[in-house]
Amino acid sequence: MASVTLENIQKAYGDVQVVRGVDLAIADGEFVALLGPSGCGKTTTLRMIAGLEEPTGGKVLIGDEIVSNPAQNIFVPPEKRRLGMVFQSYAVWPHMSVAQNVAYPLKLQGSGRAERDVAVQRALDMVQLGHLGKRMPHQLSGGQQQRVALARALAMEPRVLLLDEPLSNLDAHLREELRREISLIRARTGLTIVYVTHDQEEALALADRIVILDGGRIRQAGPPPEVYTAPVDAFVGGFIGKASFLPVDLVGSGVKVAGVDVAVDAEGLPEGPAQLMLRPEAIVLSESGIPAKVTSVTYLGDRHELWLDIAGTAVRAHVETPAAPGDQVHVSFTRVKLFPVDSP
Ligand SMILES: Nc1ncnc2c1ncn2[C@@H]1O[C@H](COP(=O)(O)OP(=O)(O)OP(=O)(O)O)[C@@H](O)[C@H]1O
Ligand SMILES: [Mg+2]
């Protein structure tokens with residue numbers, strides 16, 4: 001197990017900067033999720049840690065070892081970094097059995113037969129495939145193939161486990177099952193994990209810390225509850241969890257919505273146009289308060305999702321009591337965040 005340190009790492013393809021100076025210290029044993037929209041540089045960042053991509057600037061350290069620093073002409077190739085990697089496409093070798101797939105990197109490392117057999121069985125047991133070592137990949141489901149890829153990465157006892165959207169090709173049910181398993185493996189092994197995803201739910205569920213990237217830069221890094229409840233800007237607020245944004249006017253230190261005062265923390269914000277971020281669970285139906293019209297209702301099993309028209313803006317609310325489209329209701333907000341209007 002080892003820490004991973006990124007110091008101002010950069011990647012350009014020709015004139016196009018895709019990673020623009022990322023600084024990140026990942027502690028030994030930490031589970032970090034890299035999250036962000038398509039094209040923001042998640043995979044490129046992960047591949048630079050793996051050594052599959054050479055940074056154009058900055059340093060990468062695994063533990064105390066500098067594995068990449070163009071300024072000093074240092075570049076340690078991937079096979080010398082002792083990292084495990086799992087990709088979105090299962091990438092298991094079709095002509096090898098499950099056990100042979102898992103054994104292959106160990107063979108390359110030069111470990112002996114007996115030692116290899118023990119490591120392979122241990123890794124397969126860890127992903128619940130202990131009984132399927134002799135099967136060929138085409139005899140496995142997608143979820144099982146991804147478990148093979150995971151076992152192969154674990155067998156070599158990597159210093160760090162790197163995962164790039166490992167669950168994206170699985171159906172919702174399998175995704176949740178394997179997600180739980182990754183979390184158990186993590187608890188059992190204490191591995192340092194860097195996990196790329198564009199699925200915010202996965203990041204919230206798994207990670208100790210979420211790093212939100214946008215345009216090759218870090219927008220915010222923090223524990224899941226922090227990025228969820230205290231996003232630094234409207235982009236992060238809108239990306240993590242569900243949120244609606246209401247245009248408001250900041251006058252003094254308060255705002256009004258449909259003529260009703262709403263308490264906000266307006267510190268540091270200039271007076272004038274602003275936007276109020278509302279989480280669906282922070283909107284409650286009340287006897288009096290802000291007038292709203294129910295425009296649609298969806299039953300979600302454990303709650304109802306209402307779309308409300310509040311002062312002309314569509315707002316999503318999750319409530320326990322049902323309502324009907326067309327109902328005139330009143331709402332209040334249990335928690336809000338105020339952002340400047342020009343916040344991206
Ligand atoms: N070999 C390459 N040559 C040129 N541009 C590239 C290359 N690889 C990636 N890019 C560009 O770099 C940017 C970041 O790509 P990257 O694969 O890191 O995104 P991502 O965050 O993983 O996105 P996704 O969620 O779609 O997987 C993208 O704009 C992409 O088009
Ligand atoms: Mg990617």
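Everything numeric in this text was worked out from a predicted model, so none of it was measured. (Residues numbered from 1 in each chain as written. Chains lettered and ligands numbered in written order. Predicted model: local features only at pLDDT ≥ 70, side-chain atom pairs only at ≥ 80, totals over all residues. Heavy atoms only, no water.)

A closer look at the site of ligand 1
How we decide: One heavy atom suffices: a residue is near a molecule or strand as soon as one of its heavy atoms comes within 4 Å of it. Throughout this description, a polar contact denotes any pair of N or O atoms lying within 3.5 Å of each other; where both atoms belong to protein, one of them has to be capable of donating a hydrogen while the other can accept it, and for residues adjacent in sequence the pair is counted only when both atoms sit in side chains. With residues, only the protein chains shown are counted as cover, and all accessible areas are computed by Shrake-Rupley using a 1.4 Å probe. Helix and strand labels come from DSSP, where a helix needs a run of H or I of at least four residues and a strand needs a run of E of at least two; each type is numbered from the N terminus. Here the nonpolar group is Ala, Val, Leu, Ile, Met, Phe, Trp, Tyr, Cys and Pro; Asp, Glu, Lys and Arg are the charged ones; every other residue, Gly included, is treated as polar.
Near ligand 1 you find Tyr13, Val18, Pro37, Ser38, Gly39, Cys40, Gly41, Lys42, Thr43, Thr44 and Glu165, and these make up its full shell. A distance of 2.5 Å separates an oxygen atom of ligand 1 from a polar atom in the side chain of Ser38. The side chain of Lys42 places a nitrogen or oxygen atom 2.8 Å from an oxygen atom of ligand 1. Summarising the interface, the protein chains cover 55% of the accessible area of ligand 1, which totals 640 Å² for the free molecule. It is helix α1 (residues 42-50) that provides the largest number of residues to the shell around ligand 1, a total of three residues. In terms of residue class, the shell around ligand 1 is made up of four nonpolar, five polar and two charged.

A look at the packing of aromatic side chains
As a reminder, the rule being used: Put simply, two rings from Phe, Tyr or Trp (the six-membered ring, in Trp's case) pair if the centres are within 6.5 Å, and we call them stacked under 30 degrees between planes, edge-to-face over 60, tilted for the rest. Each residue is assigned to one of three classes by its accessible area relative to the maximum for its type, calculated with a 1.4 Å probe on protein chains only: buried under 20%, partly exposed between the two thresholds, exposed over 50%.
Overall, the coordinates contain three aromatic pairs when judged by the stated rule. On the basis of an interplanar angle of 40 degrees and a centroid distance of 5.7 Å, the ring pair of Phe31 and Tyr195 is categorised as tilted. Residue Phe31 is located in strand β3 (residues 31-35), and its partner Tyr195 is located in strand β9 (residues 192-197); the two are separated by 164 residues in the primary sequence. Just as Phe31 is buried, Tyr195 falls in that class too. Measuring from centroid to centroid gives 4.9 Å for Trp93 and Tyr104, while their planes differ by 65 degrees, and the two rings are edge-to-face.

Regarding the layout of surface pockets
What counts here: Both site types are read off a 1 Å grid over the protein atoms alone. A 1.4 Å probe that fits but cannot get out defines a cavity, while an open set with protein on both sides within 12 Å along at least five of seven lines defines a pocket; lining residues have an atom within 4 Å of a point. Grid points are joined across faces, edges and corners, and a volume is the space filled by probe spheres set on the points.
There is about 560 Å³ of room inside the largest pocket. Surrounding the largest pocket, 19 residues form its lining, Glu79, Leu83, Met85, Pro105 and Met156 being those nearest its centre. For the lining of the largest pocket, the secondary-structure elements that each account for two or more residues are β7 (83-86), α2 (98-109) and α4 (142-155). The dominant element in the lining of the largest pocket, judged by the number of residues it contributes, is α2, at four residues.

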